[in-house]
Amino acid sequence: MEFKGADIITVKDFERPDLERIFALAHALEPYACGEKQSDVLKGKVLGNLFFEASTRTRLSFGTAFLRLGGGVETTVGVQFSSLSKGETLGDTITVIDGYVDVIVLRHPELGSARVAADVAKHPVINGGDGPGEHPSQALLDLYTIEKERGRIDDSHVTFVGDLRYGRTVHSLVELLTRYDGIHISLASPESLRLPRAMRKSLENKGIPFTETNDLKQAVKDADVLYCTRVQRERFEDPTEAARLVGAYVVDRELLVNHAKDDLTILHPLPRHGDLSEDVDDLPGAAYFRQAHNGIPVRMALFCLLMGVDSSFL
Amino acid sequence: MEFKGADIITVKDFERPDLERIFALAHALEPYACGEKQSDVLKGKVLGNLFFEASTRTRLSFGTAFLRLGGGVETTVGVQFSSLSKGETLGDTITVIDGYVDVIVLRHPELGSARVAADVAKHPVINGGDGPGEHPSQALLDLYTIEKERGRIDDSHVTFVGDLRYGRTVHSLVELLTRYDGIHISLASPESLRLPRAMRKSLENKGIPFTETNDLKQAVKDADVLYCTRVQRERFEDPTEAARLVGAYVVDRELLVNHAKDDLTILHPLPRHGDLSEDVDDLPGAAYFRQAHNGIPVRMALFCLLMGVDSSFL
Amino acid sequence: MEFKGADIITVKDFERPDLERIFALAHALEPYACGEKQSDVLKGKVLGNLFFEASTRTRLSFGTAFLRLGGGVETTVGVQFSSLSKGETLGDTITVIDGYVDVIVLRHPELGSARVAADVAKHPVINGGDGPGEHPSQALLDLYTIEKERGRIDDSHVTFVGDLRYGRTVHSLVELLTRYDGIHISLASPESLRLPRAMRKSLENKGIPFTETNDLKQAVKDADVLYCTRVQRERFEDPTEAARLVGAYVVDRELLVNHAKDDLTILHPLPRHGDLSEDVDDLPGAAYFRQAHNGIPVRMALFCLLMGVDSSFL
């Protein structure tokens, strides 16, 4: 993949060498990500951080990543403050803003919106989440976290828990894991929230072994990495059934101490809401806040690659 | 006009030499406007980008222009997040913020608000739109676009189409065109949306030839520049009549290819909403997105002039 | 007090030497606060300016202070755009953002929220107002203003007027004044809005002389400093009584010219709303706008101290 000038719309575009290149650069950028070292390689450059759907943390993560390298950030939050609310097409909005800034991050509630934006923009567009579509930089930081926490991604047994049907971060990470060797995947979800059939077929076709269960204890048993997500009550018709099912996929300390490996790495895209107990927070493998923080070096790496920044300063 | 420390409230303050000075500086700033060259002449300076009425693009344009020169930007969007909503006067709000920052851009729904702000502020205030009043930097970038697209402004035949009664960008551009020689103006609008009588009188007094018509084909025939605006349905009482009239002022490819000059320059302040067809976009004279982008160098030039930036770096 | 890495949650943490250190640094930073001198000691650093409750001026003041020293600012405004609205705890939100940025300013409607944030954050947290709790940087800039306007704080007679029960700026400033010598305090308020009993007891215990009255003329008579606040009508059950009482605590020119000392310093945390007449604005002692502007150097000083900035550049 030629990164300079490219758009980041879907994880499908990444082959393993692309991932390794991003992660190597992210690793080198870590001292800059935490403000320990300073650089202004993005001096005079401006990011259009366009969040037509609210997501404070993702927005702050992209914005901070850009500021850390000396760039400037212009932000918009919410559709109501935009000309989209006056009937302008997304294409027109992006065409105008693309002429102001050097790179665009777009979060928008509609599936395919990032592709529409990338098609009209001359500058790189990063998909910051297009509704039920993708949020590729999240998958990148998830994978980067596995590598950073465990030293490697190959030969990992990764268990996904919760809403595997609608959870777009799950879909993207599953896709990226197929680029590695010796991956085993376990899937633990209520019947109605199973990983979509097309994705299961795809795993089969690629020869990635996976198992499905609705027993959380069984699912965490052999896991190296546990990827938790939230099961939303509103996904179920019957409230009593909802309460029972949501409760059956709560990950807590008792479960992990008694049923999981000692060196389990625990991930969660956050926010959590009752699905991952706070009593897990001080386990050494509780990596979900570090995972969130890894968004900074990973997004710095993306900006550097897309904008063709000379990384000889590192 | 002495720019240093001045306010930009109305286009009436600009004489031709002022316009030429702004445009010459904007031209020199173009490489900085697109991030090709870097400067930090505004290092340590802060813009108060105050949008008490939403306008994402105008806000991002001012903000980006300031960031491109190394300054910092603090932004507020919407009245509901301000102490104006607690009953504070605009004068008090501006007096406080004026003591924080070095220059203020104010967009506010009330006519005359920018003048109120300029009267209390010690630092320069730029009117970013005061309701039915003016939006002078839009007129400047409109005029700059004509010069950039055609090489000169003198001897231009400019046709305005659409809502000429309420369109404040039309009023300001008409006013500025009177500073040039050999200007001919055509006005095409529904009867109820004609250019205000006072402005027509003023054109007569200044000896600027102009013609009025409600026939779009006639109006575009001799035009060098076509300035399109949106006719809003809500301006008419009768919905059937509204649909007919709005439809009669839609500019599309068929109209331009068959009835306009080959080298016609097409402008629009955007957003468009059915009034300018997308099939016009790939005509070579379709300059409306370039026009929007010209907001960056023009606003950079304004900041430099008002803040007394030494332009010897150019 | 060891400032480096500390949190600013309550004025109770400040002893007199701490205040003197902050004010000395703020004084040295004044040329940078107004953009006269430039520094980039905060280059590569990022402020998380988190306003989960709206307060445009306070937000812009903190943001501008950080920008003036070369740092970058990421902002959030309002709860509705945050994952708090999805049920995430404040602790989780802060833990995530703390991993992005170098320092956090938090405004949040709940009492104790700043303490919660400081407990989970590794970086410094500044309380920008926690509902009915404190807003310590306001008290610091109030006190700094007294020193700057009058040359000293010792031996001042300070009169507080208005809502002394709910006015958190009053409580914090009263607390800080007890660190100085020769302070005399007058309190003028409606009976139902008296300074809380615990605070009056505390003044007694510390041996600070104070007098209470509901006669405004009496209250301003011996004052060196008049600290005005707003009496809100909604504090009273009876509307007629409300109108009478609010009206009885309006500070205007007539009152001050006829009943106060000539060199009276007039403060107000702003916004005002009928409680402080505009005809006072051109009295030489009308210091409330200068007071607001002092927020910049005081907050710059706090950032420098908390982040361990080497102040040898001054």
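Computed from a prediction, not measured in an experiment: that's the story for all the values here. (Residues numbered from 1 in each chain as written. Chains lettered and ligands numbered in written order. Predicted model: local features only at pLDDT ≥ 70, side-chain atom pairs only at ≥ 80, totals over all residues.)

**Observations concerning the confidence of the model for chain A**
Of the residues in chain A, 97% have a pLDDT of 70 or more, and the chain-wide mean is 94. This complex was scored by the predictor with a pTM of 0.96 and an ipTM of 0.95. (pLDDT = per-residue confidence, 0-100.)

**Describing the relation of the copies chain C and chain A**
Once chain C is rotated about the relating axis by 120 degrees and shifted along it by 0.0 Å, it coincides with chain A to within an RMSD of 0.0 Å. This pairing of chains is accounted for by a three-fold axis. Across chain C, the smallest distance between a C-alpha and the rotation axis is recorded for Gly72(C), namely 4.6 Å. (Least-squares fit on C-alpha atoms with pLDDT ≥ 70 in both.)

**Re the sheet that holds strand β5 (residues 157–161) of chain C**
All names here are of chain C. The strand order across the open sheet formed by 5 strands is β7-β6-β5-β8-β9, and the pairing between neighbours is parallel. Every other strand in the sheet has two partners, leaving β7 (210–213) and β9 (265–267) as the edge strands with one partner each. On average, each strand axis in the sheet is tilted by 15 degrees relative to the strand beside it, whichever way the strands run. As judged from the 4 bridges shared by β5 and strand β8 (residues 225–228), these two strands associate in the parallel manner. Within β8, the position partnered with Val-161 by the bridge is Cys-228. (Pairing = 2+ DSSP bridges. Helix = DSSP H or I, 4+ residues; strand = E, 2+ residues; numbered from the N terminus. Axes fitted to C-alpha atoms, helices over the stretch in contact; angles between N-to-C directions.)

**Remarks on unusual backbone geometry**
Residue and element names in this part refer to chain B. The step from Leu-270 to Pro-271 runs through a cis peptide bond, and the omega angle for that step is 0 degrees. At Leu-270, a residue that is not glycine, the phi angle is positive and equals roughly 55 degrees. Residue position: Leu-270 is located in the loop between β9 (265–267) and α11 (288–293).

**Brief notes about the nonpolar core**
One finds Leu226(A), Leu226(B) and Leu226(C) to be the most contacted residues of the largest nonpolar core, which totals 303 residues. Not counting residues up to four positions away in its chain, the partners in contact with Leu226(B) are Thr159(B), Val161(B), Val220(B), Val251(B), Ala260(B), Leu264(B), Ile266(B) and Leu267(B). (Core = buried A, V, L, I, M, F, W, Y, C linked by C-beta atoms within 7 Å. Buried ≥ 20, exposed ≤ 12 C-beta atoms within 10 Å, placed from the backbone. Contact = placed C-beta atoms within 7 Å.)

**A look at the environment of Arg179(C)**
Residue and element names in this part refer to chain C. In this fold, Arg-179 is placed in the loop between α6 (168–177) and β6 (184–188). The exposure class assigned to Arg-179 is partly exposed, which follows from the 19 C-beta atoms found within 10 Å. C-alpha separation for the pair Arg-179 and Leu-19, spaced 160 residues apart in sequence, amounts to 9.1 Å. Beyond its immediate sequence surroundings of up to four residues, Arg-179 is in contact with Glu-15, Arg-16 and Leu-19.

**Some words on helix α5 (residues 136–150) of chain A**
Residues and elements named next belong to chain A. Over its 15 residues, α5 extends 21 Å from the first C-alpha to the last, a length consistent with the 21 Å expected when each residue adds 1.5 Å. Within α5, 11 of the 15 residues are buried, leaving the element largely enclosed by the surrounding structure. For α5, every residue scored as buried is listed here: Pro-136, Ser-137, Gln-138, Ala-139, Leu-140, Leu-141, Asp-142, Leu-143, Tyr-144, Thr-145 and Ile-146. Phi turns positive, to about 90 degrees, at Gly-151, one or two residues after α5. (Expected span 1.5 Å × (residues − 1).)

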